[in-house]
Amino acid sequence: AVAHIDNNDDKAIGARFKTTVGRRVSLGFSGYTCRYTSRTADPARFSALGVDLQLQPSNLTTLRAGYTLQFVGLVPGYPDSSFNRGGLYAILTQKLADRFKVTGNAGVIQPDNRVVDPSDRILIGGSLGYTPLPYFETTLNYLRDINRIAEKVTYDFISMRFAVLL
């Protein structure tokens, strides 16, 4: 017979709280924690904290920014007991007309604070959005990684997104 491991005594939990000041400013806080292994003796945990801000100085302009810090516990046997991940971003959006908007983006991603490797990114870029119909949007995005590391294969990210707005 195969024994079934029940981890109901250690559930994942997450929450986000947001407050709005007037119609132009909002501030959010979020958190999440979970056990990500089935080991009962030495369980490893993942936890994340975040904060985000949105400012809308006019009906045509929006600034959003956010920061996250994540803690990853490792099971015994690794040289380190844990490591941190983190990231931050800022996005400025300007509506140009009823159907067009332009966006500027900047962000930093660090998947593992113990090493500097190709997955560390410092991104800048932008996008152009077009909404031909009230329920359909297409966006052309470009990001450039300005974090120069010899092992990286590419520094440019281009994508096109089509979305049905419900």
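Below is a short write-up of the structure. The structure presented is a predicted model; accordingly, all values stated were derived computationally and were not measured. (Residues numbered from 1 in each chain as written. Predicted model: local features only at pLDDT ≥ 70, side-chain atom pairs only at ≥ 80, totals over all residues. Heavy atoms only, no water.)

Time to look at the overall build of the protein. Each helix and strand counted, the protein has zero helices and nine strands in total. Its helices and strands taken in sequence order, the protein reads β-β-β-β-β-β-β-β-β from the N to the C terminus. Rg of the C-alpha trace for the protein: 20 Å, well past the compact-globule value of 15 Å for 166 residues, more than 25% over. Along the longest, intermediate and shortest principal axes, the C-alpha atoms of the protein span 65 × 45 × 35 Å. Here the protein holds 166 residues, and the buried ones make up 25% of them. Restricting to contacts in the protein with at least 6 residues of sequence separation, those with at least 24 account for 36%. Treating the 19 positive side-chain charges of the protein as one cloud and the 14 negative ones as another, the clouds have centres 10 Å apart. (Helix = DSSP H or I, 4+ residues; strand = E, 2+ residues; numbered from the N terminus. Rg over C-alpha atoms; globule rule 2.2 N^0.38 Å. Buried < 20%, exposed > 50% of the residue type's maximum accessible area, 1.4 Å probe, protein only. Contact = heavy atoms within 4.5 Å. Lys, Arg positive; Asp, Glu negative; His and termini not counted. Charge placed at Lys NZ, Arg CZ, Asp CG, Glu CD.)

Further remarks concern the pattern of salt bridges. On inspection of all chains with the given rule, the structure shows seven salt bridges. A salt bridge links R114 to D80; the nearest nitrogen and oxygen atoms lie 3.4 Å apart. With a gap of 34 residues between them, R114 in the loop between strand 6 (100-110) and strand 7 (121-133) and D80 in the loop between strand 4 (61-73) and strand 5 (82-95) connect regions that are remote in the sequence. R114 gets classed as partly exposed once you look at its relative accessible area, which sits at 37%. On the accessibility criterion, D80 (33% relative accessible area) is partly exposed. Notably, a salt bridge pairs R161 with E137, separated by 2.6 Å at the nearest N-O pair. On the criterion of sequence distance, the pair formed by R161 in strand 9 (residues 156-164) and E137 in strand 8 (residues 136-145) is long-range, its members being 24 residues apart. (Salt bridge = Lys/Arg side-chain N within 4 Å of Asp/Glu carboxyl O.)

Looking at the element boundaries, T138 is found in strand 8. In terms of polar contacts, T138 uses its side chain to reach the backbone carbonyl oxygen of R161, at 3.3 Å. Sequence-distant contacts of T138, that is, excluding residues within four places in its chain, are made with L128, G129, Y130, M160, R161 and F162. (Polar contact = N/O pair within 3.5 Å; in protein donor to acceptor, adjacent residues only side chain to side chain.)

So, about the packing of aromatic side chains. Scanning all chains against the criterion turns up three aromatic pairs. When the ring of F136 is compared with that of F162, the centres are 6.3 Å apart and the planes differ by 25°; the resulting orientation is stacked. Placement of the pair is F136 in strand 8 and F162 in strand 9, with a sequence separation of 26 residues. Taking the relative accessible area as the measure of exposure, F162 reaches 55% and is therefore exposed. Over the face of the ring belonging to Y155 we find R148, whose NZ or CZ atom lies 3.9 Å from the ring centre. (Phe/Tyr/Trp six-rings, centres within 6.5 Å; stacked < 30°, edge-to-face > 60°. Lys NZ or Arg CZ within 6 Å of the ring centre and 35° of its normal.)

Quick look at the sheet that holds strand 7 now. The antiparallel open sheet is built from nine strands, whose spatial order is 1-2-3-4-5-6-7-8-9. At either end of the open sheet lies a strand with only one pairing partner, and these are strand 1 (13-21) and strand 9. Each strand axis lies, on average, 15° off the axis of its neighbour in the sheet, ignoring direction. When strand 1 meets strand 2 (residues 25-35), the two strands line up antiparallel, connected through nine bridges. When the sheet's bridge partners are listed, G14 is paired in strand 2 with Y32. (Pairing = 2+ DSSP bridges. Axes fitted to C-alpha atoms, helices over the stretch in contact; angles between N-to-C directions.)

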